[in-house]
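Working through the structure, step by step
One-letter residues, chain by chain:
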Amino acid sequence: MMRSLRVLGLAWLLHVKMMSRSAFDGLMAVIWPLFYATVAFFMFRTGHGSSSLGPIGLAAAVMGIWTAVSVPASSALQRERWFGTLELLVVAPRNLGLILLPITLAASTIGLYCVAGTLIWARVLFGIHLTIIHPLFFALGLIATVLTIASLGFLMAVSFVGSRRAWAIGAALEYPIWLVCGFLVPVSLLPGWAHPISWALGPTWGMRTIREAAYGGAPLGPLLLTLALAGVYLGIGVVVLRIVLDSARKRATLSLA
Amino acid sequence: MPVIEAIDLRRTYQTTTGVIRRKRLDVEAVRGISFSVEKGELFGLLGPNGAGKTTTIKMLITLLLPTSGEARVLGHNVVDNPREVRKRIGYVFGGDRGLYERLSAYDNLRYFAELYGVSGSKQRRRIDEVLELVGLKGRENERVEGYSRGMRQRLHIARGILHDPEVVFLDEPTIGVDPVGARDLRQMIADLITVGKTVLLTTHYMFEADALCDRIAVIAKGEIVGQGTPAELKGNVAGGRVTEIEVFGVGEEILARIRALAGVTAVTVEEQDQKQLLIVRTTGERELTQPLLAELDGIEVGRVASREPTLEDAYVALVTAE
């Protein structure tokens, strides 16, 4: 158990280090969330006045986390293949899931910057002052959201490994997740058939936890659901990964030939 | 008990051709090869590109499942017990890739030490040891993206032996490395044997196999076509002769006629700028210089030389034999 935690911890640290060392990625990580937040602020200020900008500030922050994860996570295995490290990871005497999870966790952690960046941006440029009623639950909500997005990213990473266009699938999922998880518009406004999809997605509950914590609602229920869904994604991801690896050894895919 | 054992190992790949009418093809990359490697031995798998060397090594290190046959490493079946095999082996391949460029060499090694189960208390000492061994001590805090090809390859070797494996698989470790760097790497590989490792090396450099290997299996088109010590393999062509003729514009038709001459065992052509070097291996029972020149009538001919066969000639004779 301790060894597994060590692997998780060190791998997370080194992947954060790698991701934070790319000047281009760093610049994009700074600019994109602010761009999204600005668009959202202008849209909602025009439509609803400045009273609704607080929740939109929070939504834009969580959108940033998802944006930071969706493409890197879906193409995580392909990136390892390009580096030529995938075979070395597969042949290591460790559960590959334990090696891959820190990659999406690191991307998600980088996304945490978006929360701080967006909230500062909102305050400086749009004068939005956010008062958080339950700071502890707010912090727990953020951590749970990072975890559930990382786990969802892990599931995407192992599910899309066979696709040469994995990164494009990740990019294509970026906006639909914003919409279906109720970041910008409430889930209740979506058509009925979309509700089960929203409920099955951890970021929906993560977003709700953060809002409830900020505005003094009941954040515990959504917090537990956010964490439970993170566990479900991990479980499914581990099973999918086992199937993918067995298939790769048989069919000589994953650059194993 | 052999440390590495391959028994009638086969691997078939499935591929498809065509866009509209897709047709499935079976490609036999490895066609029933058998060999064994004893403890402390440096065994070479030698063959041209596409011969099946890398596929063989990937089956032995558990990355690929054999289509049929059996393989064991340190007594563990590579299909049934991959985890036990993985704990005990090191794998090093040649080329630029396989490292995290944005991390330092030290961080790369720290990461793989964790993945390969080197305990926290031993990690620093072990990393220092392998850095010393591969001559990268003092450069470990630099990012890998600034490393030369030779330095990367040395780092690959350091990574491969970090967890002190009993068996090391080296897949063309000197490919693309400059001559001086390659010589240093060969010394490093030789040193692995002195510290008690068993090594399986794949290469298509004859001199490398000759200099390093205790025994060699020559592999061509997925089959082992010759096996033995370098001296035994050289013995296969002992008594033969090699005639080298510089020619300008020799065609397939003439080559076919030369191949058909009595006493000719192999014919190869090396392109050299404007000219070609025609290398004809013969049994040595007959003097064939005149018949060869007669077949080249009408073609511009330069230098003609005759020499004793080398191990490279033995290798070429094996891999070009029909």
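Counting restarts for each chain: residues are numbered from 1 in the order of the written sequence. To read the labels, note that chains go from A and ligands from 1, taken in the order they are written. pLDDT decides what is reported in this predicted model: residues at 70 or higher carry local features, side-chain atom pairs at 80 or more are listed and counted, and totals for whole chains, interfaces and linings draw on all residues regardless.

The subject of this paragraph is the pairing of strand β14 (residues 300-307) of chain B. Residue and element names in this part refer to chain B. For β14, a buried count of zero out of eight residues is recorded, marking the element as mostly open to its surroundings. In this analysis, strands are considered paired if DSSP registers two or more bridges between them. Strands are runs of DSSP state E lasting at least two residues, helices are runs of H or I lasting at least four, and both sets are numbered from the N terminus onward. Bridge analysis of strand β11 (residues 241-248) against β14 gives six bridges, and the strand direction is antiparallel. The partner of E244 across the bridge, within β14, is A305. With C-beta atoms placed from the backbone, the exposure class of a residue follows from how many other C-beta atoms lie within 10 Å of its own: 20 or more, buried; 12 or fewer, exposed; in between, partly exposed.

This part takes up the interface of chain B and chain A. Facing the 25 residues of chain B at the interface are 25 residues of chain A. Of all the secondary structure elements, the ones that give two or more residues to the side of chain B that touches chain A are α1 (53-60), α2 (82-88) and α3 (105-115) of chain B. The dominant element in the side of chain B that touches chain A, judged by the number of residues it contributes, is α3 of chain B, at five residues. Basically, the charged four are Asp, Glu, Lys and Arg, the nonpolar ten are Ala, Val, Leu, Ile, Met, Phe, Trp, Tyr, Cys and Pro, and anything else, Gly included, counts as polar. Classifying every residue of the side of chain B that touches chain A gives 11 nonpolar, five polar and nine charged. C-beta atoms are first placed from the backbone for all residues, and any pair lying within 7 Å is then listed as a contact.

Residue and element names in this part refer to chain B. Where each domain begins and ends follows an automated or database-derived domain assignment. For chain B, the assigned domains are domain 1 (4-234) and domain 2 (237-320). Distance between the C-alpha centres of domain 1 and domain 2: 35 Å. With 12 residues of domain 1 at the contact, the number on the domain 2 side is eight residues. Every element with two or more residues in the side of domain 1 that touches domain 2 is listed here: α7 (206-212), β9 (215-220), β10 (223-228) and α8 (230-235).

The term nonpolar core means buried Ala, Val, Leu, Ile, Met, Phe, Trp, Tyr and Cys residues held together as one set by C-beta atoms within 7 Å. Of all hydrophobic cores here, the largest spans 160 residues; its most connected members are V62 of chain A together with L60, A158 and F169 of chain B. Per element, the largest residue contribution to this core is 13 residues, and it comes from helix α6 (residues 96-126) of chain A. Once residues within four sequence positions are removed from consideration, A158 of chain B is found in contact with L109, V130, L131, L133, V134 and L136 of chain B.

Low pLDDT means the predicted atomic positions in that stretch should not be read closely. Each residue carries a pLDDT value, the predictor's own confidence for that position, ranging from 0 to 100. Per-residue confidence for chain A averages 84 on the pLDDT scale, and 95% of its residues sit at or above 70. Looking over chain A, one finds the lowest element-wise mean pLDDT in helix α2 (residues 23-48) of chain A, namely 76, and the highest in helix α10 (residues 195-199) of chain A, namely 93.

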